[in-house]
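If you want the building blocks of each chain, they are given just below.
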Amino acid sequence: MVEPANTVGIPLNHAALLKDELDIVIPTIRNLDFLDMWRPFLQPYHLIIVQDGDPSKTIAVPEGFDYELYNRNDINRILGPKASCISFKDSACRCFGYMVSKKKYIFTIDDDCFVSFPQFSKSALRLCLKDCVVSMRDLVTVSVAKDPSGKAVNALEQHIKNLLCPSSPFFFNTLYDPYREGADFVRGYPFSLREGVSTAVSHGLWLNIPDYDAPTQLVKPKERNTRYVDAVMTIPKGTLFPMCGMNLAFDRDLIGPAMYFGLMGDGQPIGRYDDMWAGWCVKVICDHLGLGVKTGLPYIYHSKASNPFVNLKKEYKGIFWQEDIIPFFQSAKLSKEAVTVQQCYLELSKLVKEKLSPIDPYFDKLADAMVTWIEAWDELNPATKA
Ligand SMILES: O=c1ccn([C@@H]2O[C@H](COP(=O)(O)OP(=O)(O)O[C@H]3O[C@@H](CO)[C@H](O)[C@H]3O)[C@@H](O)[C@H]2O)c(=O)[nH]1
Ligand SMILES: [Mn+2]
């Protein structure tokens with residue numbers, strides 16, 4: 001195969017970590033030119049593209065990538081009536097990719113996210129800001145920032161490191177990730193806890209356009225995140241967090257069945273709460289099963305701010321519902337009989353139906369969809385059946 005042009009001048013990562021154990025899931029409504037910039041890091045991996053919106057539209061994928069693509073017709077064909085649990089016209093559709101994957105690890109990324117270089121060359125920055133759908137082929141070789149070891153930054157590699165290293169949810173290490181080279185547990189950290197626990201989720205962050213909600217985007221339209229904080233930390237047990245699906249990796253075997261991105265978009269009263277809903281369910285279940293969730297490195301460069309007015313319409317019910325949703329998840333208790341992710345998730349769906357349905361009939365529908373999701377997951381993944 002003739003290697004397509006490598007537009008960022010970084011050698012192709014042939015010896016890609018976990019190449020045969022990881023799928024990359026991309027939800028999309030547009031051509032995937034953004035992959036040109038990721039080619040050195042992502043080309044060795046298999047992609048699962050979940051095409052949202054009009055299934056008759058053709059999504060162009062740059063040559064040289066190994067991928068499978070599912071549109072709405074495919075989802076309906078594969079799941080039949082259970083397809084009702086997969087959102088339409090919302091990035092929540094990406095969770096279908098998690099379900100059909102057969103790999104142990106998943107990395108999911110949005111198509112307006114680029115390789116983050118802590119120092120950008122002006123021409124490259126201009127090109128990225130021009131709009132992510134413009135072909136990346138004419139992206140000049142950017143001056144690639146070097147991490148302390150002098151290597152080019154590779155987001156997927158950092159996610160894999162995060163997932164392969166234990167987490168420390170039971171006691172906070174003030175020097176952050178104790179397993180990182182050049183760091184350790186600080187004085188006073190109980191030795192009985194230093195082995196850590198398996199890491200289920202690696203939550204990356206974003207330079208340039210931060211993942212703000214619509215009201216914040218409206219009052220701070222020009223705010224850009226330029227702070228590259230060189231840290232990875234475990235989110236302590238008992239603490240929830242707003243998970244963003246833009247730059248996210250997880251161990252599918254450990255937590256996959258809980259990564260349902262809910263009922264969002266077309267026909268639903270709410271949108272842009274897909275990843276956060278999943279993150280609240282995932283964190284309650286990880287805390288219950290003694291699994292770890294990390295946040296921090298890697299960063300990606302988020303180049304497109306979606307329209308804050310459109311986002312406000314999608315989010316507004318969520319903005320006041322979440323004042324009840326968060327206390328619900330903070331007080332959610334799972335039984336000791338719940339020892340698998342599916343069992344935990346089904347218990348959680350019962351609690352949603354009981355405790356959140358009084359807020360709005362939507363939660364009754366969502367609780368049912370959570371059950372349908374598990375049924376569909378088990379149908380496609382019989383080996384992992386609860
Ligand atoms: O109807 C749609 C709209 C978009 N997509 C794909 O989903 C991702 C994210 O889309 P976009 O970058 O346009 O939106 P953001 O507001 O920046 O996304 C943030 O909100 C989160 C919750 O939705 C999301 O995870 C965050 O990144 C792109 O790949 C679009 O192509 C879609 O599939 N269907
Ligand atoms: Mn975006």
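With an unreviewed UniProt entry as reference, the chain is termed UDP-arabinopyranose mutase, source organism Brassica cretica. Entered under Sequence similarities (unreviewed entry) in the UniProt record, the comment concerning the chain runs "Belongs to the RGP family." The record held by UniProt for the chain lists under Function (unreviewed entry) the comment "Probable UDP-L-arabinose mutase involved in the biosynthesis of cell wall non-cellulosic polysaccharides."

Digging into the site of ligand 1
Around ligand 1, a shell composed of 20 residues is seen, among which Asp-52, Asp-110, Asp-111, Arg-272 and Ser-306 lie nearest. Residue Ile-29 places a main-chain N or O atom 3.4 Å away from an oxygen atom belonging to ligand 1. With respect to ligand 1, the side chain of Arg-272 contributes an N or O atom lying 2.4 Å from an oxygen atom. For ligand 1, whose accessible area on its own is 660 Å², the fraction buried by protein is 90%. Counting only elements with at least two residues in the shell around ligand 1, the list comes to strand 1 (22-28) and helix 8 (274-289). A per-class count over the shell around ligand 1 returns four nonpolar, four polar and twelve charged.

Description of the coordination of the manganese ion (ligand 2)
All of the protein donors around the manganese ion (ligand 2) are Asp-112 (OD) and His-302 (NE2); their distances to the metal are 2.0 to 2.1 Å. Separated by 190 residues along the polypeptide, Asp-112 in the loop between strand 4 (105-109) and strand 5 (113-115) and His-302 in strand 9 (residues 292-302) bring together distant segments of the chain. Here Asp-112 and His-302 have matching classes, each one buried.

Some thoughts on helix 5 (residues 155-164)
Most of helix 5 sits inside the fold, with seven of its ten residues counted as buried. For helix 5, the set of buried residues is Ala-155, Leu-156, Gln-158, His-159, Ile-160, Asn-162 and Leu-163. The backbone nitrogen of Leu-156 lies 3.1 Å from a side-chain oxygen of the residue at the head of helix 5, namely Asn-154.

Here we look at unusual backbone geometry
Going from Leu-297 to Pro-298, the amide bond is cis rather than trans, its omega being 5 degrees. As for its placement among the helices and strands, Pro-298 is situated in strand 9.

Some points on the pattern of salt bridges
The final tally for this structure, using the stated rule, is 17 salt bridges. The closest approach of N and O atoms between Arg-272 and Glu-315, which form a salt bridge, is 2.6 Å. Taken together, the residues span a long stretch of sequence, with Arg-272 in the loop between helix 7 (252-255) and helix 8 and Glu-315 in helix 9 (residues 308-331) at a distance of 43 residues. A cluster of three or more residues bridged by salt bridges with shared partners is formed by Lys-104, Asp-251 and Asp-253.

A short note on the confidence of the model for the chain
For the chain, per-residue confidence averages 90 on the pLDDT scale, and residues scoring 70 or more make up 87% of the total. Counting interchain partners and residues more than four positions distant, the pLDDT-below-50 stretch residues 120-125 has twelve contacts. With pTM at 0.91, the complex prediction returns an ipTM value of 0.96.

Details of the environment of Ser-84
With respect to the helices, strands and loops of the structure, Ser-84 is situated in the loop between helix 2 (72-79) and helix 3 (95-100). For Ser-84, a relative accessible area of 52% translates into the label exposed. For the pair formed by Ser-84 and Glu-379, sequence separation is 295 residues and the distance between their alpha carbons is 15 Å. Once you skip the residues sitting within four places of it in the chain, Ser-84 turns out to touch Leu-263 and Thr-372. In terms of polar contacts, Ser-84 uses its side chain to reach the backbone carbonyl oxygen of Pro-81, at 3.1 Å.

Thresholds, definitions, all that
Residues numbered from 1 in each chain as written. Chains lettered and ligands numbered in written order. Predicted model: local features only at pLDDT ≥ 70, side-chain atom pairs only at ≥ 80, totals over all residues. Heavy atoms only, no water. UniProt positions renumbered as here; feature names shortened; annotations may be inferred. Near = heavy atom within 4 Å. Polar contact = N/O pair within 3.5 Å; in protein donor to acceptor, adjacent residues only side chain to side chain. Areas by Shrake-Rupley, 256 points an atom, 1.4 Å probe, with all protein chains shown as cover. Helix = DSSP H or I, 4+ residues; strand = E, 2+ residues; numbered from the N terminus. Nonpolar A, V, L, I, M, F, W, Y, C, P; charged D, E, K, R; others polar. Donors = N, O, S within 2.8 Å, 3.2 Å for Na, K, Ca; no water. Buried < 20%, exposed > 50% of the residue type's maximum accessible area, 1.4 Å probe, protein only. Salt bridge = Lys/Arg side-chain N within 4 Å of Asp/Glu carboxyl O. pLDDT = per-residue confidence, 0-100. Contact = heavy atoms within 4.5 Å.

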